[in-house]
Amino acid sequence: MRNASLYWGTTLLSIYILFHACQSEETIRTAQYAVNGQKLYKTYCMNCHGAKGEGLGDLYPPLTDSTFLIGQREQLPCIVKNGISSPIEIQGKTFDTEMPPNPQLTPVEIAYVLTYIGNSFGNEMGLFTLEEVQEALAACN
Amino acid sequence: MRNLLFSLIGSCALAVSFGCNNQTSKTLPILGSRDPVTKVVDGKTVTDTLYHSIPDFRLLNQDSVFIDNQQFENGVYIANFFFTHCPSICPTMQRNLLKVYEKYKGDERVKFLSHSIDFRHDSPSVLKSYAEKLGVTNDQWQFVTGAKAAVYNLADSYMVYTKEDSNVPGGYDHSGYLLLVDSNRHIRGAYDGTNDEQVQLLLDELAILLKEYE
């Protein structure tokens, strides 16, 4: 009787650990991508968008508007890669400063930097996978 | 022996207090080259030092008005060199200078002077739009443009490196220094505008410099 309950307990625990291991694999990957992305952010994004994603006045938009970022998720790889020249509205303000393109960034680097931005400054967008970025880039206008 | 010990302690205490005094009455150096000038005054030969100073300038500001050194002679000012569509160091430098501007907004003893090194693109109207979007709401911070030679030569006298270079992002290479200039056109401090610690040093030393005018 005692052995049986021990057996069932161990089995349940194993299933629980296995289930969580799958979950945390994505968490680990998100963390890895974000660390790589932070370095890229410092090089390519931080001058304009700021160390805390705060932007600068009405010149450069902040990266703290989660609603905008979530709504534009499929467009974000294109914006990073090709820049943006049409005005955008963020947190009620219109920004019309042209964002320069970053043609040197590879798809995986775009996944890194978006994972960093998407999980910093109060954003919770989870992992941007390489596949997701490649798919989005293929659909850029 | 005991006397010796006392005098030793005494001189140590004196040294410490003297050291402290030096700290509180710190004056900023005058940066740049200095030339000895020898002249005859009342039949005696006197040697004086001629300090490096900012030469005369006349540049167009964001309101299409010519401004010159006179606008900056009633206090101190902070100068830098930038261009509006600069993708590299300028936004960081201007973000940091904006903090200083916001702290001294309304204090007419402190002025700000940003020179555009993009003489092709940065017309007064472009500078005006940039200033407004940055958050500059009064004439304490001036944005100026001028002929390439005028601005680039002026950069040399501010000891700032500027160069047109198609190989760098944005097309112009330059250093991101913030220069603290006194009412006698002398450079009293140079700070890396992209480095938070250096910008804090600027804030500290600006306060020290302003004490000279109290």
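Definitions and cut-offs
Residues numbered from 1 in each chain as written. Chains lettered and ligands numbered in written order. Predicted model: local features only at pLDDT ≥ 70, side-chain atom pairs only at ≥ 80, totals over all residues. Buried ≥ 20, exposed ≤ 12 C-beta atoms within 10 Å, placed from the backbone. Helix = DSSP H or I, 4+ residues; strand = E, 2+ residues; numbered from the N terminus. Arc of directions from axis to C-beta. Contact = placed C-beta atoms within 7 Å. Pairing = 2+ DSSP bridges. Axes fitted to C-alpha atoms, helices over the stretch in contact; angles between N-to-C directions.

Draft legend 1. Seen up close, helix α4 (residues 148-157) of chain B. All names here are of chain B. By the burial criterion, the buried members of α4 are Val 151, Leu 154 and Ala 155. Seen end-on, α4 carries its buried residues on one side only, within an arc spanning 105°. Turned more than 90 degrees off the buried face of α4, the exposed positions are Ala 149 and Asp 156. In this structure, the buried side of α4 is in contact with β5 (76-82), β6 (110-116) and β8 (162-164). Once α4 ends, the next one or two residues include Met 159, with phi positive near 65°.

Draft legend 2. Just the sheet that holds strand β11 (residues 187-192) of chain B, in detail. Residues and elements named next belong to chain B. Taking strand neighbours across the sheet as the criterion, the 7 strands line up as β4-β3-β7-β6-β5-β10-β11 in an open arrangement whose pairing is mixed. Bordering the open sheet on either side are β4 (66-68) and β11, each of which pairs with just one other strand. With direction set aside, neighbouring strand axes in the sheet form an average angle of 35°. Two strands pair when backbone bridges link them, and β5 and β6 are joined in this way by 7 bridges, in the parallel orientation. Residue pairing in the sheet places Ile 78 in a bridge with Phe 112 of β6. The strands that helix α3 (residues 124-134) touches are β3 (58-61), β6 and β7 (141-145); relative to β7, the one it contacts most, it runs at about 150°.

Draft legend 3. Quick peek at the pairing of strand β1 (residues 34-41) of chain B. All names here are of chain B. Burial analysis of β1 places just 0 of its 8 residues in the buried class, a small minority of the element. Relative to strand β2 (residues 44-51), β1 runs antiparallel, the two sharing 8 bridges. If you follow Val 40 over to β2, its bridge partner there is Thr 45. Joining the antiparallel neighbours β1 and β2 is a turn of 2 residues, in which Asp 42 adopts a positive phi near 50°.

Scope: geometric values only; no functional claims are made or implied.
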